[in-house]
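Spelled out from the first residue to the last, the chains are:
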Amino acid sequence: MKKSMTTLGATVLMLFAATSVGASAASAHNPEGPQGKGAGKNVTLTATLSELNHSGVSGTASALVRNKKIKHIEVNAMGLTPDAPHAQHIHFGDQALHECPTLAQDANKDGRLNTVEGVPAYGPIVVSLTTTGDTSPASALAVDRFPVAKHGMFHYSRSNIKFTDVAGTGADGGVGTAKQIAEAVRAGEGVVVIHGIDYNDDSIYSLSGEGASELDPSLPAEVTDPVACGVLH
Ligand SMILES: [Ca+2]
Ligand SMILES: [Ca+2]
Ligand SMILES: [Cu+2]
């Protein structure tokens, strides 16, 4: 299981990597430069996380953002697939609605919302909320660096996450520079999304009746489908 999950992560990592530009270099550039409106102030944002896909997951998130950096962020969630890693991100797109999706966004009408179907609502990934190492979209599904939900819960906290430039694809809409993304998140347009659901109750991410992930047909949909969402206001 552990080995296969790592392989899954590596495969999807490559898919997501295509949307990340200059991940580490970008945020180091001109750290003291003009940052836009309200940039020099600490902005505190909170989110109430509500379930997607009838997951039963609930939670909260809070973030302290200043300039192009998340000085501190916490995510607390419960009702998750126990002992499984859960990818989690901040999503944002300049063409997105800056909202959590509903089944109205279930484009193929199969009764479940996959990650891509939620993009018009919450946008592409702009920050990967990993436990260690890289936090850019390149780590979108670095499964071995996301929180594991012991007893179905996790308490995540991390400090000093820099926003990075993120290039949009045609389908996702434009995203922006680190500065633009930070401004949007400070303005309340970032959305926290947690992924990973055990649809068929076999206690692992498996090829359930929901089939393969839309992100990579070799992955179970259980790995990538969203289970909770909240807008960081
Ligand atoms: Ca669907
Ligand atoms: Ca399963
Ligand atoms: Cu996500």
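The following refers to the structure shown. Predicted model, so just to flag it, every value in this text is computed and none were measured. Every residue gets a number counted from 1 within its own chain, in the order that chain's sequence is written. For naming, the first written chain is A and the first written ligand is 1, with later ones following in the order written. For a predicted model such as this one, the threshold for reporting local features is a pLDDT of at least 70, and the threshold for listing and counting side-chain atom pairs is 80 or more; totals across whole chains, interfaces and linings nevertheless cover every residue. To get the side-chain values, take all heavy atoms of the structure and skip hydrogens and water.

### Points about the coordination of the copper ion (ligand 3)
1) Next: For Na, K and Ca the donor cut-off is 3.2 Å, and for all other metals it is 2.8 Å, counting N, O and S atoms only; because water is absent from this set, sites may look incomplete. At this site the copper ion (ligand 3) is bound by His-89 (ND1), His-91 (NE2) and His-195 (NE2), with donor distances of 2.0 Å.
2) Next: Of note, the copper ion (ligand 3) draws all its donor residues from one chain, in the sequence arrangement H-x1-H-x103-H. Residue His-89 is found in strand 4 (residues 88-91), and its partner His-195 is found in strand 7 (residues 190-195); the two are separated by 106 residues along the sequence.
3) Next: Residue His-89 is classed as buried on the basis of its relative accessible area, which comes to 2%.
4) Next: Partly exposed residues are those whose accessible area sits between 20% and 50% of the maximum for their type, while under 20% is buried and over 50% is exposed, using a 1.4 Å probe and protein chains only. Since its relative accessible area comes to 2%, His-195 is described here as buried. Helix and strand assignments come from DSSP, with helices taken as H or I runs of at least 4 residues and strands as E runs of at least 2, each series counted from the N terminus.

### Focus: the nonpolar core
Generally speaking, soluble globular proteins have nonpolar side chains that are buried together.
1) Next: To qualify as a nonpolar core, a set must consist of buried Ala, Val, Leu, Ile, Met, Phe, Trp, Tyr and Cys residues joined through side-chain atoms within 4.5 Å. By size, the foremost hydrophobic cluster in this structure holds 36 residues, and its most contacted members are Ile-90, Phe-163 and Ile-194.
2) Next: Elements supplying a minimum of two residues to this core: strand 1 (43-51), strand 2 (58-66), strand 3 (69-78), strand 5 (125-128), strand 6 (154-162), helix 4 (178-186), strand 7 and strand 8 (226-232).
3) Next: In terms of residue count, helix 4 provides more of this core than any other element does, 5 residues in total.
4) Next: Counting 8 residues, the second largest nonpolar core, distinct from the first, contains Leu-52, Tyr-122, Val-191 and Cys-229.

### Re the state of the cysteines
1) Next: The term disulfide is used for any two cysteine sulfur atoms that are within 2.5 Å. Scanning all chains against the criterion turns up 1 disulfide.
2) Next: Note on cysteine connectivity: Cys-100 is disulfide-linked to Cys-229, with sulfurs 2.0 Å apart. Disulfide Cys-100-Cys-229: the torsion about the S-S bond is -95 degrees, which places it as left-handed. Linking Cys-100 in the loop between strand 4 and helix 3 (115-122) with Cys-229 in strand 8, this pair joins segments that are 129 residues apart in sequence.
3) Next: Among the residues examined, Cys-100 registers a relative accessible area of 26% and is labelled partly exposed.
4) Next: Here Cys-229 falls in the buried class, since its relative accessible area comes to 2%.

### Looking at the coordination of the calcium ion (ligand 1)
1) Next: Those protein atoms acting as donors to the calcium ion (ligand 1) are Asp-106 (OD), Asn-108 (OD1), Asp-110 (OD), Arg-112 (O), Glu-117 (OE) and Glu-117 (OE), and they sit at 2.2 to 2.5 Å.
2) Next: For the calcium ion (ligand 1), the 6 donor atoms are set out with angles of 53 to 158 degrees between them, so the coordination reads as irregular.
3) Next: Along the chain, the residues that donate to the calcium ion (ligand 1) are spaced as D-x1-N-x1-D-x1-R-x4-E.
4) Next: The exposure class of Arg-112 is buried, given its relative accessible area of 10%.
5) Next: Taking the relative accessible area as the measure of exposure, Glu-117 reaches 8% and is therefore buried. The rule is simple: four donors are tetrahedral if all their angles sit between 85 and 135 degrees, four are square planar and six octahedral if opposite donors span more than 155 degrees and the others lie between 65 and 115, and anything that fits none of that is irregular.

### Notes on the pattern of salt bridges
1) Next: Put simply, a salt bridge is a Lys or Arg side-chain nitrogen that is within 4 Å of an Asp or Glu carboxyl oxygen. Counted by the stated rule, this structure contains 2 salt bridges.
2) Next: Of the charged contacts, one joins Arg-112 and Asp-110 as a salt bridge, the two residues approaching to 3.3 Å between their closest N and O atoms.
3) Next: Judged by its relative accessible area of 38%, Asp-110 falls in the partly exposed class.
4) Next: Look at the salt bridges and you will find they share partners, linking Asp-110, Arg-112 and Asp-225 into a network.

### A look at the side chain of Glu-222
1) Next: Relative to the helices and strands, Glu-222 resides in helix 5 (residues 221-224).
2) Next: Counting rule for charge: Lys and Arg are taken as positive, Asp and Glu as negative, and neither His nor the chain ends is counted. The charged side chain of Glu-222 is buried without a salt bridge, its nearest counter-charge being Arg-112 at 9.1 Å.
3) Next: Here a polar contact is taken to be a pair of N or O atoms separated by no more than 3.5 Å, where protein atoms must pair a possible hydrogen donor with a possible acceptor and residues adjacent in sequence count only if both atoms sit in side chains. Within the local environment of Glu-222, its side chain forms a polar contact with the backbone nitrogen of Tyr-199, the two atoms lying 3.0 Å apart.

### Details of the environment of Ala-61
1) Next: Inspection of the secondary structure assignment puts Ala-61 in strand 2.
2) Next: Residues Ala-61 and Ser-157, spaced 96 residues apart in sequence, show a C-alpha to C-alpha distance of 9.6 Å.
3) Next: Only heavy atoms matter for contacts: two residues are in contact if any of them lie within 4.5 Å across the pair. What Ala-61 contacts, discounting residues up to four positions off in sequence, is Leu-45, Thr-46, Ala-47, Leu-49, Glu-74, Val-75, Val-192 and Leu-232.

### Observations regarding the side chain of Arg-145
1) Next: Structurally, the position occupied by Arg-145 is in the loop between strand 5 and strand 6.
2) Next: Of the side chains bearing the opposite charge, Asp-144 lies closest to the buried Arg-145, which forms no salt bridge; the N-O distance is 4.6 Å.
3) Next: If we ignore the near neighbours within four places in the chain, the residues touching Arg-145 are Thr-130, Thr-131, Thr-132, Gly-133, Asp-134 and Ser-139.

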